[in-house]
Each structure stands twice: as structure tokens, then as C-alpha cells.
Amino acid sequence: MSTSHAPRALSLAAAVLTGTVALYIALVAFGNITDFGTNQAFVQHVLAMDTTFKDDDLMWRAITDKGLENTAYVLIIVWETLAALVLIAGTWLWARRDNVRARRVSTYGLLMLVLLFGAGFIGIGGEWFSMWQSKTWNGLDAATRVLVLTGVALVVVQLSPSGQEG
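Per chain, the residues get numbers from 1 upward, laid out in the order the sequence is written. Residues qualify for local features only when their pLDDT is at least 70, as the model is predicted, and side-chain atom pairs are given and counted only at 80 or more; totals for whole chains, interfaces and linings, by contrast, use all residues. Just so you know, side-chain values use all the structure's heavy atoms and leave hydrogens and water out.

(A) Representation of the packing of aromatic side chains. Only rings of Phe, Tyr and Trp enter the pairing, Trp through its six-membered ring, and a pair is recorded when the two centres are within 6.5 Å. The plane angle decides the type: under 30 degrees is stacked, over 60 is edge-to-face, the rest tilted. Applying the stated criterion across every chain yields a total of 5 aromatic pairs. The interplanar angle of 80 degrees and the centroid separation of 5.7 Å between the aromatic rings of F53 and W132 together place this pair among those described as edge-to-face. Of this pair, F53 sits in the loop between α2 (36–48) and α3 (66–95) while W132 is found in the loop between α4 (99–128) and α5 (140–159), placing the two residues 79 residues apart along the sequence. Partly exposed residues are those whose accessible area sits between 20% and 50% of the maximum for their type, while under 20% is buried and over 50% is exposed, using a 1.4 Å probe and protein chains only. Relative accessible area serves as the criterion here: at 43%, W132 is assigned to the partly exposed category. Directly above the ring of W128 sits R61, whose terminal nitrogen or CZ lies 4.2 Å from the centroid. A run of H or I in DSSP becomes a helix once it reaches four residues, and a run of E becomes a strand once it reaches two; helices and strands are each numbered from the N terminus. Placement of a positive charge over a ring is assigned whenever Lys NZ or Arg CZ falls within 6 Å of the ring centre and within 35 degrees of the normal to the ring plane.

Written out as C-alpha cells, the structure is:
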């Protein structure tokens, strides 16, 4: 590939990766809205820490109030939905070849998912609520997959040309 096509190829890669992550998180949010109970149970079990080792030094962290558990779940769905909308907008901007705004908007949406899956699910869920200890309610592998896909997309978006051409 000649160097004159490299910026266009990077912009295309950024668009495809942003669109892929947008599709994925939109489907996740849609699934959580239309099949509310499945992942509601997941969030409740993780927060309640009821399938962990039940170490007294950790169990004080557990949240067993159903209202707080459901609030956390609804906030996750709202965050997923907002991230999906931001990434859809980023994908649209890539398609219009508005690279400056596409890069900025895509970065915001991808960082939203880094926060959700990295800080939220891996950090808070995995470590604070000891999700790693559960054989039944352990979403660390899934969260890691999404974080890796999001991270790759974020790197490509940052490498993409920020000029209007491309």
C-alpha cells in the first residue's frame, strides 16, 4: 500500500472498528432492556457477593439492598445506551469523512466503554465485589474481551488522521 493511501486506510479502519463496537454495545443495551431480568440477576449476585468465598474481611462490601442493586443495573443500561449513541454518531461522522469530529466523538464513546468495562466491571465488580471468586456469576472474561476490542479501536482511532482529507 502506498503512503498516499495509508491515511484513508486508517480512517476506514477507525470507522469499521468504531461501528463494530457501536453495534456490539447497542445490542448489549437492547438485550438488557428487552430481557431485563437476565443481567439484573447477574448484577444482583455480583453486588451481593453471595457466590464468593464469603470472607468476613470482604463481605462488608456487599450490597444486598434490591433498590440499590436495581439502580446500579439501570445506570449501567443508561451508560451502555449513551455510549452506543455516541459511537453511532462517531461512525456516522467517519462515513461522512469528518475526521476531526469523528475522532473526537469516537474517542468519547470508546472511553465511556473503557470506564464501564475496565473500571466498572473489571475493577469494581472483579476486585471490589470479588467477582473473580464466583464460579457462577463471573463476567471478567467477557469484560476483558470487550475492553480489548475497545482498546484496539481506541488506538486505531488515535492513529487515524485528524485532517479533513482521508
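Read on, since the account is not over.
(B) Quick look at the packing of α3 against α4. What counts as an axis is a line fitted to C-alpha atoms, over the stretch in contact for a helix, and the angles between N-to-C directions run from 0 to 180 degrees. Running from amino to carboxyl end, α3 crosses α4 at an angle of 155 degrees, the nearest separation of the two axes being 8 Å. Comparing the axis directions of α3 and α4 gives the class roughly antiparallel. Crossing hand, α3 versus α4: left-handed. Residue polarity is assigned by list, with Asp, Glu, Lys and Arg as charged and Ala, Val, Leu, Ile, Met, Phe, Trp, Tyr, Cys and Pro as nonpolar; anything else, Gly included, falls into the polar class. In terms of residue class, the contact of α3 with α4 is built from 18 nonpolar, 4 polar and 3 charged. Each angle receives one of four descriptions, namely roughly parallel if under 35 degrees, roughly antiparallel if over 145, roughly perpendicular if within 65 to 115, and oblique otherwise. Two helices cross in a left-handed way if the nearer one is turned anticlockwise from the farther one by less than a right angle. They cross in a right-handed way if the turn is clockwise.

(C) Structural context of helix α1 (residues 6–34). Helix span is expected to be 1.5 Å times the residue number reduced by one. Helix length check: α1, at 29 residues, gives a terminal C-alpha distance of 42 Å against a target of 42 Å (1.5 Å per residue), a fit within 8%. Every buried residue of α1 is listed here: S11, A14, A15, L17, T18, V21, A22, I25, A29 and N32. On its buried face, α1 is in contact with α2, α3, α4 and α5. Residue contacts follow a heavy-atom distance rule, with two residues in contact if any of their heavy atoms lie within 4.5 Å.

(D) Structural view of the environment of G151. Considering the arrangement of structural elements, one finds G151 in helix α5. Residue class for G151 comes out partly exposed when judged on its relative accessible area of 26%. Expressed as a C-alpha distance, the spacing of G151 and L111, which sit 40 residues apart in the sequence, is 8.8 Å.

(E) Up close: the packing of α2 against α3. Close contact between α2 and α3 brings their axes to 9 Å; oriented N to C, the two are set at 120 degrees. The angle between α2 and α3 falls in the class oblique. The hand of the α2/α3 crossing is right-handed. Between α2 and α3, the contacting residues are F36, N39, Q40, V43, Q44, L47 and A48 on the first element and K66, E69, N70, A72, Y73, V74, I76 and I77 on the second. Looking at the contact of α2 with α3, its residues break down into 9 nonpolar, 4 polar and 2 charged.

(F) Structural detail: the nonpolar core. With 35 residues, the main nonpolar core has V21, I25, L87, W94, L110, L113 and F117 as its most contacted residues. Sorting the residues of this core by element identifies α1, α2, α3, α4 and α5 as the ones contributing at least two each. Of the residues forming this core, the biggest block, 8 residues, is contributed by α3. Those residues within four positions of W94 in sequence are excluded, and the remaining contacts are S11, A14, A15, T18, N99, A102, R103, S106, V157 and S160. Definition of nonpolar core: a set of buried residues of the types Ala, Val, Leu, Ile, Met, Phe, Trp, Tyr and Cys, connected through side-chain atoms within 4.5 Å.

(G) Expanded view of a nonpolar patch on the surface. Think of a patch as exposed residues, more than 30% relative accessible area, with no salt bridge, where like charges cluster within 9 Å and nonpolar side chains (Val, Leu, Ile, Met, Phe, Trp, Tyr) cluster within 5 Å. Computed with a 1.4 Å probe, the accessible areas rest on the Shrake-Rupley method; for each residue, only the protein chains presented here act as cover. Think of a salt bridge as a Lys or Arg side-chain nitrogen and an Asp or Glu carboxyl oxygen that are within 4 Å of each other. A surface patch of nonpolar side chains, about 490 Å² in accessible area, is lined by F36, V74, V78, L82, L85 and I88. No other element matches the 5 residues that α3 contributes to the nonpolar patch. For L82, the position within the fold is in helix α3. You can call L82 partly exposed: its relative accessible area is 42%.

(H) Layout of α5. Counted at 1.5 Å a residue, the expected span for α5 with its 20 residues is 28 Å, and the 28 Å between its end C-alpha atoms agrees. For α5, the full list of buried residues reads L140, A143, V146, T150, A153, L154, V156 and V157. The inward-facing, buried residues of α5 contact α1, α3 and α4.

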